[in-house]
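A look at the structure
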Amino acid sequence: MNIALIGFMGVGKTTVSRALSRLSGRREVDVDRWIVKKEGRPISEIFAADGEDAFRDIETAAIRELCGGSVRGGGVILSCGGGAVLRPENVEVLKKNGVIVLLTARPETVLGRVGDGTSRPALGGQVTIPHITELMEKRRPAYEAAADLTVATDGRPPEEIAEEILRMAGAAEFAVRPGKA
Ligand code: S3P
């Protein structure tokens with residue numbers, strides 16, 4: 001079974017998934033990075049050239065492929081893009097293949113983590129607390145509906161969050177195996 005991390009941009013999915021990988025010995029796959037490699041261009045370019053809908057189609061295909069066994073060994077840590085669970089079909093695939101963990105953070109925390117927002121086209125260049133808050137609230141129902149577990153990340157080190165997730169996920173197969181990462 002996979003552990004899929006979901007949540008808004010800048011909540012810490014990438015850093016927590018790396019910590020989870022270190023602690024559990026499971027491979028970590030970042031869906032966005034996988035898309036960039038496969039497409040041979042950055043996500044901001046996919047948005048600019050082909051539009052958000054085209055990116056979402058690519059994202060859905062990527063999630064299907066990654067959950068369908070293209071990752072050798074199975075049982076991976078899957079770090080999903082912030083909009084991945086806006087499509088119910090993606091949630092269905094992620095749920096069928098593992099546990100979905102929602103990471104949350106305050107808008108102020110997100111603002112501090114997304115920099116100038118140039119690599120986050122979904123923010124549309126509006127890197128402000130009101131805009132982040134608005135988009136976060138709009139997405140909250142989809143995030144909460146998809147989540148099996150929810151963990152707040154504000155002010156906490158990734159290792160501590162990862163330990164909490166592993167404890168909560170509780171599956172023996174994700175037990176700590178030092179040195180196997
Ligand atoms: C998006 C989040 C990004 C990336 C894309 C769209 C979103 O991932 O998938 O730019 O709609 O929230 P991160 O959450 O890793 O920044």
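Criteria and thresholds
Residues numbered from 1 in each chain as written. Predicted model: local features only at pLDDT ≥ 70, side-chain atom pairs only at ≥ 80, totals over all residues. Heavy atoms only, no water. Core = buried A, V, L, I, M, F, W, Y, C linked by side-chain atoms within 4.5 Å. Buried < 20%, exposed > 50% of the residue type's maximum accessible area, 1.4 Å probe, protein only. Helix = DSSP H or I, 4+ residues; strand = E, 2+ residues; numbered from the N terminus. Contact = heavy atoms within 4.5 Å. Phe/Tyr/Trp six-rings, centres within 6.5 Å; stacked < 30°, edge-to-face > 60°. Near = heavy atom within 4 Å. Polar contact = N/O pair within 3.5 Å; in protein donor to acceptor, adjacent residues only side chain to side chain. Nonpolar A, V, L, I, M, F, W, Y, C, P; charged D, E, K, R; others polar.

**A closer look at the nonpolar core**
- Within the largest apolar cluster, 52 residues are counted, with the highest numbers of intra-cluster contacts made by Phe8, Leu20, Leu78, Leu94, Leu103 and Ile165.
- For this core, the leading source of residues is helix α4 (residues 52-70), giving 6 residues.
- Filtering out sequence-adjacent residues up to four positions away, phenylalanine 8 remains in contact with Lys13, Leu103, Val110, Leu123, Ile132, Leu135, Met136, Arg139 and Tyr143.

**Here's the deal with the packing of aromatic side chains**
- Tallied over the full model, the rule gives 1 aromatic pair.
- Ring plane angle 40 degrees and centroid distance 5.2 Å describe the contact between phenylalanine 47 and phenylalanine 55, whose orientation is recorded as tilted.
- Phenylalanine 47 sits in the buried class, given a relative accessible area of 14%.

**Things to note about the site of the ligand**
- Close to the ligand lie 13 residues; Lys13, Asp32, Arg56, Gly82 and Arg139 are nearest.
- Contacts to the ligand include glycine 82, whose backbone N or O atom sits 2.8 Å from an oxygen atom.
- In the environment of the ligand, an oxygen atom lies 2.6 Å from a nitrogen or oxygen atom belonging to the side chain of arginine 139.
- Its residues placed into classes, the shell around the ligand shows 5 nonpolar, 3 polar and 5 charged.

**Structural notes on the side chain of serine 24**
- Along the chain, serine 24 turns up in helix α1 (residues 13-24).
- At a separation of 2.7 Å, a polar atom in the side chain of serine 24 contacts the main-chain carbonyl oxygen of leucine 20.

The quantities given are spatial measurements derived from coordinates; they are silent on function.
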